[in-house]
There are 2 protein chains.
Amino acid sequence: MAAPAKVPALLDLTIDNITPNTNRINSQCQNPRLKYLMSRLVTHLHDFARETRISTDEWMAALNFLVGCGQISSDVRHEFILLSDILGLSLLVDSINHPKPPSSTEGSVLGPFHTHDAPTLPNGSTMASDPAGVPLLCVCTVRDTAGRPVAGVKIDIWETDSSGHYDVQHSDREEPSERCVMVSDGEGRFWFKGIQPVSYPIPHDGPVGKLLERLGRHCWRPAHLHFMFAKDGWDNLITALYMRGDPYETSDAVFGVKQSLIVDLDKADAATAKEYDFTEGGLLLKHDFVLTTEEETVKLRDENAAKALAQLGLRMKLVDHLPVPELD
Amino acid sequence: MAAPAKVPALLDLTIDNITPNTNRINSQCQNPRLKYLMSRLVTHLHDFARETRISTDEWMAALNFLVGCGQISSDVRHEFILLSDILGLSLLVDSINHPKPPSSTEGSVLGPFHTHDAPTLPNGSTMASDPAGVPLLCVCTVRDTAGRPVAGVKIDIWETDSSGHYDVQHSDREEPSERCVMVSDGEGRFWFKGIQPVSYPIPHDGPVGKLLERLGRHCWRPAHLHFMFAKDGWDNLITALYMRGDPYETSDAVFGVKQSLIVDLDKADAATAKEYDFTEGGLLLKHDFVLTTEEETVKLRDENAAKALAQLGLRMKLVDHLPVPELD
């Protein structure tokens with residue numbers, strides 16, 4: 001079976017001609033977006049090798065590192081998300097995809113610990129089962145950028161236990177804990193009882209932890225609570241609230257902290273304690289989240305993309321809101 | 001435990017400032033080479049994301065692709081080498097690390113099928129056990145660039161069986177087959193009986209195969225025999241000989257073919273058949289390999305690196321023969 005005639009002839013490839021030739025053979029791809037992604041990937045990968053004159057040993061070490069990341073991954077662990085997190089890529093991808101107008105809640109990194117098996121709980125429920133955790137009452141609202149409540153938003157909430165581990169990090173996990181799904185009520189409110197978040201190290205027993213160590217970086221995240229908001233017609237908001245004063249507030253291993261997401265904890269007064277069936281003087285977190293519509297987000301993302309690509313000197317058009325070369 | 005004071009404060013990271021900040025926190029690394037590698041890696045990775053405005057779905061698909069590559073890898077399969085091969089990176093890394101003066105044998109890609117358990121066989125041995133293979137007598141020499149024989153070179157040789165599979169691709173493999181190690185004799189000679197190489201598809205039942213399919217590329221390699229030459233003081237030569245006229249001669253899925261490595265098969269005449277205890281008229285491959293010394297290779301590699309880095313406008317010095325920034 002001969003190769004199709006249109007395949008460019010590949011022979012005697014060298015340091016200098018391997019990149020255009022790889023891109024030529026990949027240009028057989030019928031999907032313009034994938035073709036563009038691959039051509040940028042190949043070009044950056046090759047440029048990296050040429051600029052660093054990467055040695056065979058370094059190349060092999062890198063490939064073995066990647067195998068290690070894949071092999072430690074499982075249904076409840078995604079070492080490549082963690083790698084993306086510590087390289088600043090996750091923050092960047094979130095920023096590109098979820099631009100926020102000034103009046104809305106900023107995004108933060110998803111991290112590798114979101115699951116799809118959290119129970120949907122009614123407002124007021126306790127979502128933590130760790131008896132050693134310090135109880136925390138969270139009273140929140142979801143609004144649009146005009147301040148109007150948004151009802152019926154599905155809100156994923158997850159945090160670690162008091163030892164700094166997510167439920168999935170315990171090998172004897174039988175059911176979800178310190179995680180739940182709530183739905184905002186008619187006035188955009190949701191409230192639940194969790195525990196006070198603690199700082200914790202990201203999983204560092206795998207390849208990513210070893211890399212951080214070799215880089216002289218710590219593996220800690222400041223105390224936070226994760227939130228993910230979803231409702232048809234609204235931009236999916238992945239964010240987190242960070243506890244002010246955490247020692248890792250300005251050195252988050254995964255670059256997630258934003259000033260607008262740093263919160264102060266309060267104490268529940270008698271009226272609040274009574275209203276929410278909580279302990280007077282117990283820890284209270286109040287927060288108002290602001291969502292943007294999918295329409296305004298897509299518009300802003302497209303505008304930002306067009307502006308950024310023009311600044312990079314790239315002549316691109318947006319197809320399905322994603323850039324492909326204008327002339328292909 | 002507070003973060004060390006020298007850690008740069010990280011807060012409110014954006015599309016525009018995430019790259020310098022990631023590089024700043026990675027600059028805590030005490031190893032200048034690793035620091036340089038990481039800074040180029042992070043910069044390329046982030047530039048890739050900015051140029052493509054990569055979507056969250058594409059990012060997640062890429063991370064899951066990488067997990068898949070890791071998880072299909074095993075002691076006898078390295079999907080990331082395969083990925084590096086089909087992206088042209090392996091060819092590039094080999095070219096950077098093993099520059100060849102015109103008089104010496106060029107390198108080719110290692111591929112993912114070299115093993116460390118091949119038996120060392122005396123000259124004249126049969127290294128293939130596939131009864132369906134067409135017998136091939138290989139009579140070779142190893143010389144230096146001045147034409148002098150090099151004795152005592154350890155030569156790894158491996159090829160597929162007649163069905164186009166390496167032994168490790170058979171799940172019932174009990175021992176090595178179609179692979180051996182030979183040692184050149186006092187006159188630089190080595191000879192063995194193998195089988196006629198056939199074209200074969202690289203493993204395409206995994207993520208790399210699916211990627212090739214999406215790119216509209218075939219997954220075939222032209223028929224070849226792998227060789228790896230090792231001796232203290234000599235540059236390690238990883239190469240292959242390709243059979244002229246193969247339908248994939250100019251479209252090798254892993255970019256390995258070089259004109260100087262394409263060979264013609266001969267027929268053994270009566271004298272040769274008698275000398276090597278082979279069948280008259282059987283297939284004969286004669287080839288003279290030329291090694292370079294480690295010293296001349298290192299010198300050439302350093303010169304090429306200095307020249308290439310200067311052309312890229314990078315101010316670098318070589319430490320242990322690897323580039324690091326001059327001013328760090």
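Residues numbered from 1 in each chain as written. Chains lettered and ligands numbered in written order. Predicted model: local features only at pLDDT ≥ 70, side-chain atom pairs only at ≥ 80, totals over all residues. Heavy atoms only, no water.

**Section: the interface of chain B and chain A**
Tallying the contact residues gives 95 residues for chain B and 94 residues for chain A. At the boundary of chain B with chain A, the tally comes to 4 salt bridges. Ionic pairing is found between Arg 40 of chain A and Glu 51 of chain B, a salt bridge with its closest N-O pair at 2.6 Å. The tally of links between chain B and chain A comes to 35 residue pairs in polar contact (both at pLDDT 80 or more). When contributions to the side of chain B that touches chain A are tallied by element, the ones reaching two or more residues are helix 1 (18–26), helix 2 (32–52), helix 3 (56–72), helix 4 (79–86), helix 5 (89–97), helix 6 (207–214), helix 8 (294–311) and strand 13 (322–325) of chain B. In terms of residue count, the dominant contributor to the side of chain B that touches chain A is helix 2 of chain B (17 residues). Its residues assigned to classes, the side of chain B that touches chain A comprises 52 nonpolar, 28 polar and 15 charged. (Contact = heavy atoms within 4.5 Å. Salt bridge = Lys/Arg side-chain N within 4 Å of Asp/Glu carboxyl O. Polar contact = N/O pair within 3.5 Å; in protein donor to acceptor, adjacent residues only side chain to side chain. Helix = DSSP H or I, 4+ residues; strand = E, 2+ residues; numbered from the N terminus. Nonpolar A, V, L, I, M, F, W, Y, C, P; charged D, E, K, R; others polar.)

**Quick notes on helix 6 of chain B**
All buried positions along helix 6 of chain B are accounted for by Pro 207, Val 208, Gly 209, Leu 211 and Leu 212 of chain B. Structurally, helix 6 of chain B contributes buried residues whose contacts are with helix 2 (32–52) of chain A together with helix 3 and helix 4 of chain B. Looking at the residues trailing helix 6 of chain B, positive phi occurs at Gly 216 of chain B, about 75 degrees. (Buried < 20%, exposed > 50% of the residue type's maximum accessible area, 1.4 Å probe, protein only.)

**Considerations on the nonpolar core**
Counting residues in each nonpolar core, the largest one holds 76 residues, and the members touching the most others are Ile 86 and Ile 202 of chain A together with Ile 86 and Ile 202 of chain B. Setting aside its immediate chain neighbours within four residues, Ile 202 of chain A contacts Leu 82, Ile 86, Leu 212, Cys 219, Arg 221, Ala 253 and Val 254 of chain A. If you look at the next biggest cluster of nonpolar residues, it comprises 34 residues, including Leu 136, Phe 229, Leu 241 and Leu 261 of chain A. (Core = buried A, V, L, I, M, F, W, Y, C linked by side-chain atoms within 4.5 Å.)

**Focus: the pairing of strand 3 (residues 179–183) of chain B**
In regular strands, side chains alternate between the two faces of the sheet. Residues and elements named next belong to chain B. Buried residues dominate strand 3, accounting for 4 of its 5 residues. Bridging between strand 2 (residues 154–158) and strand 3 involves 5 bridges; their strand directions are antiparallel. Paired with Trp 158 across the strands is Arg 179, a residue of strand 3. (Pairing = 2+ DSSP bridges.)

**Some details on the relation of the copies chain B and chain A**
Rotating chain B by 180 degrees about the axis while translating it 0.0 Å along that axis superimposes it on chain A, leaving an RMSD of 0.0 Å. Taken together, the rotation and translation relating the two chain copies correspond to the operation of a two-fold axis. Judged by C-alpha distance, Gly 70 of chain B is the residue of chain B that lies nearest the rotation axis, at 2.0 Å. A symmetric contact is evident, with 99% of the interface residues of chain B recurring at the interface of chain A. (Least-squares fit on C-alpha atoms with pLDDT ≥ 70 in both.)

**Some remarks on the domain arrangement of chain A**
As a measure of interface size, the accessible area lost when the parts come together is often cited. Residue and element names in this part refer to chain A. Each assigned domain of chain A is listed here: domain 1 (1–54), domain 2 (79–292) and domain 3 (303–328). Residue-level contacts link 4 residues of domain 1 with 7 residues of domain 3. Taking both partners together, domain 1 and domain 3 bury about 470 Å²; carbon and sulfur atoms supply 63% of that area. The three residues of domain 1 that bury the most area against domain 3 are Pro 32, Arg 33 and Tyr 36, which together make up 86% of that side's buried surface. Viewed at the interface, domain 3 and domain 1 are joined by 0 salt bridges. Each residue belonging to the side of domain 1 that touches domain 3 can be placed in one class, and the counts come to 2 nonpolar, no polar and 2 charged. (Domains from an automatic or database assignment. Buried area = accessible area lost by both parts, 1.4 Å probe.)

**Considerations on helix 8 (residues 294–311) of chain A**
For helix 8 of chain A, which comprises 18 residues, the first-to-last C-alpha distance of 25 Å matches the rise-based estimate of 26 Å (1.5 Å per residue) to within 8%. Of all the residues in helix 8 of chain A, the buried ones are Thr 297, Val 298, Arg 301, Asp 302, Ala 305, Ala 308 and Leu 309 of chain A. Each buried residue of helix 8 of chain A lies within a common arc of 140 degrees when the element is viewed along its axis, so the set occupies one face. In helix 8 of chain A, the exposed positions angled more than 90 degrees off the buried face are occupied by Glu 295, Lys 299, Lys 307, Ala 310 and Gln 311 of chain A. On its buried face, helix 8 of chain A sits against helix 5 (89–97), strand 12 (316–319) and strand 13 (322–325) of chain A together with helix 2 of chain B. A positive backbone phi angle near 75 degrees is found at Gly 313 of chain A, which sits one or two residues after helix 8 of chain A. (Expected span 1.5 Å × (residues − 1). Arc of directions from axis to C-beta.)

**What to know about the environment of Arg 179 of chain A**
All names here are of chain A. Structurally, Arg 179 is set in strand 3 (residues 179–183). Its relative accessible area of 3% is what places Arg 179 among the buried residues. Sequence-wise, Arg 179 and Thr 126 are 53 residues apart; in three dimensions their C-alpha atoms are separated by 9.6 Å. There is a polar contact of 3.2 Å between the side chain of Arg 179 and the side chain of Thr 115.

**Focus: the side chain of Glu 58 of chain A**
Looking at the secondary structure, you find Glu 58 of chain A in helix 3 (residues 56–72). Taking relative accessible area as the criterion, Glu 58 of chain A reaches 17% and is therefore assigned buried. Excluding anything up to four places from it in sequence, Glu 58 of chain A contacts Arg 33, Leu 37 and Leu 322 of chain B.

**Overview of the pattern of salt bridges**
Residues and elements named next belong to chain A. Scanning the entire structure with this criterion turns up 34 salt bridges over all chains. Asp 156 is the partner of Lys 154 in a salt bridge, and the nearest nitrogen-oxygen pair spans 3.7 Å. Residue classification places Lys 154 among the partly exposed residues on the basis of a relative accessible area of 42%. On the basis of relative accessible area, Asp 156 is assigned to the buried category, the value being 7%. Three or more residues joined by partner-sharing salt bridges are found here, namely Asp 117, Asp 167, Arg 173 and Arg 179.

**Side note on the packing of helix 3 of chain A against helix 4 (residues 79–86) of chain A**
Residues and elements named next belong to chain A. Here helix 3 crosses helix 4 at 125 degrees, and the two axes come no closer than 8 Å. Relative to helix 4, the element helix 3 is oriented oblique. Across the interface between the two elements, Phe 65, Leu 66, Cys 69, Gly 70 and Ile 72 of helix 3 pack against Glu 79, Phe 80 and Leu 83 of helix 4. Here the contact of helix 3 with helix 4 is built from residues that sort into 6 nonpolar, 1 polar and 1 charged. (Axes fitted to C-alpha atoms, helices over the stretch in contact; angles between N-to-C directions. Parallel < 35°, antiparallel > 145°, perpendicular 65-115°, else oblique.)

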